[in-house]
Structures are given as C-alpha cells and as structure tokens.
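Residues per chain, in single letters:
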Amino acid sequence: LERALKNAVQSIQSSQQRQQQQEEEVEREGRGPPPAAAPLPALPLSVYANISTVMTPRDAFFAPRESVAWRSAIGRTSVETISPYPPGIPLLIPGERITLEVVEYLLEVKARGGSVVGAADSSLAT
C-alpha cells in the first residue's frame, strides 16, 4: 500500500511539472490560451412546447426515410434521435414532428461550435 501511494504521488507530481512546463512555454512564446468558444444558446422552452409525437418511435425508426435539407425537414417526422451537445440531451426522438424552432436551435448550436449527435449527417447539411 505504501508503495502504491508513493507511485501515485510521484505520478501527480510529474503531471504537475509537465503542466507547469507547458504553461511556461506558452508564456515564453507569447501565445495566449486558445480563444473561448461562444457560449451555446440556452434551449428555449418553446422548442419543446411545440414538438408533437405523430407516430411511435418504433414505427418511425422502421419507416421509409430520405435525406433532405434541414430547412426542408420542417413539418416532417424525425426518424433519428437528435441530441445537441452540449448538453447531449435528446431534442428529437423518432416519431416527433420537426419544427422551425428545432431546426433553428440545432443550426445555432452548430454555428457556435457545438455538435449534433445522432443525425446521419452531423454537419446538418442534410
């Protein structure tokens, strides 16, 4: 046990030394920290309020599908579980109607450096 503790302490000290060396190198080279990404927009409750379920998730998942541009998806039924990240909580699940508010929110998340998980095209081009 004493040996394990000693190894853990050495590992922590080594990690701290590496971090300090990296910080000193950044200072010497005049590089600052990378610019912070624009904060992601808060999810308006109206986005959830307007989502309606039009078929069961199972029926939607197995239904015929086609790829369309996000703006063309408004009014159509989702066949994927779509989660903006952060926070990573599903915004759409299969069987829910895609609304203008959902599309605008997902595009805003993407524009501010977030990601959209679960979409066949994570770039949101289609």
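Everything discussed here concerns the structure shown above.
Once a new chain begins, its residue numbering starts again from 1 and follows that chain's sequence as written. Only residues with pLDDT of 70 or above have their local features reported here, since the model is predicted, and side-chain atom pairs are shown and tallied only from 80 upward, although totals for entire chains, interfaces and linings are computed over all residues. Note: side-chain values were computed over all heavy atoms of the structure, leaving out hydrogens and water.

1. Considerations on the side chain of glutamate 96
Next up, step 1: Take glutamate 96: it is sitting in the loop between strand E1 (83-85) and helix H4 (100-111).
Next up, step 2: No salt bridge is formed by the buried glutamate 96, whose closest oppositely charged neighbour, arginine 97, lies at an N-O distance of 11 Å.
Next up, step 3: In protein, a polar contact requires one atom able to donate a hydrogen and another able to accept it; more generally it is a pair of N or O atoms within 3.5 Å, and residues adjacent in sequence count only if both atoms are side-chain atoms. Only 3.1 Å separates the side chain of glutamate 96 from the backbone nitrogen of isoleucine 93, close enough to count as a polar contact.
Next up, step 4: Contact between two residues is taken to exist if any of their heavy atoms lie within 4.5 Å; hydrogens are not considered. When sequence neighbours within four positions are dropped, the list of residues in contact with glutamate 96 reads Ile51, Ser52, Thr53, Arg76, Thr77, Ser78 and Leu91. Each helix corresponds to a stretch of at least 4 residues labelled H or I by DSSP, and each strand to a stretch of at least 2 residues labelled E; elements are numbered beginning at the N terminus. For every residue, the accessible area obtained with a 1.4 Å probe (protein chains only) is divided by the maximum for its type, and the residue is called buried under 20%, exposed over 50%, and partly exposed between those limits. A residue counts as positive if it is Lys or Arg and as negative if it is Asp or Glu; His and the chain ends are not included. Salt bridge, as used here: a side-chain nitrogen of Lys or Arg that lies within 4 Å of a carboxyl oxygen of Asp or Glu.

2. Remarks on the environment of isoleucine 89
Next up, step 1: Relative to the assigned elements, isoleucine 89 resides in the loop between E1 and H4.
Next up, step 2: With 28 residues separating them in the primary sequence, isoleucine 89 and valine 117 have C-alpha atoms 9.5 Å apart.
Next up, step 3: Ignoring anything within four residues of it in the chain, the contact list for isoleucine 89 reads Tyr48, Ser83 and Pro84.

3. Points about the side chain of threonine 99
Next up, step 1: Counting through the fold element by element, threonine 99 comes out in the loop between E1 and H4.
Next up, step 2: The buried category is assigned to threonine 99, whose relative accessible area is 10%.
Next up, step 3: For threonine 99, the residues in contact, after removing those within four places along its chain, are Asn50 and Ile74.

4. Some thoughts on the nonpolar core
Next up, step 1: Grouping buried Ala, Val, Leu, Ile, Met, Phe, Trp, Tyr and Cys residues that are joined through side-chain atoms within 4.5 Å yields what is termed a nonpolar core. The biggest cluster of nonpolar side chains holds 16 residues, and the ones touching the most others in it are Trp70, Ile82, Leu91, Val102 and Leu106.
Next up, step 2: Ignoring anything within four residues of it in the chain, the contact list for leucine 91 reads Leu43, Val47, Tyr48, Ile51, Ile82, Ser83, Pro84, Glu96, Val102, Tyr105 and Leu106.

5. Considering H4
Next up, step 1: Helix span, as expected, comes to 1.5 Å for every residue beyond the first. With twelve residues, H4 should reach 16 Å at 1.5 Å per residue; the first-to-last C-alpha distance of 16 Å fits that figure.
Next up, step 2: Looking at the buried side of H4, the elements it contacts are helix H2 (45-49), E1 and strand E2 (115-117).
Next up, step 3: Glycine 113, located one to two residues past H4, shows a positive phi value of around 95°.

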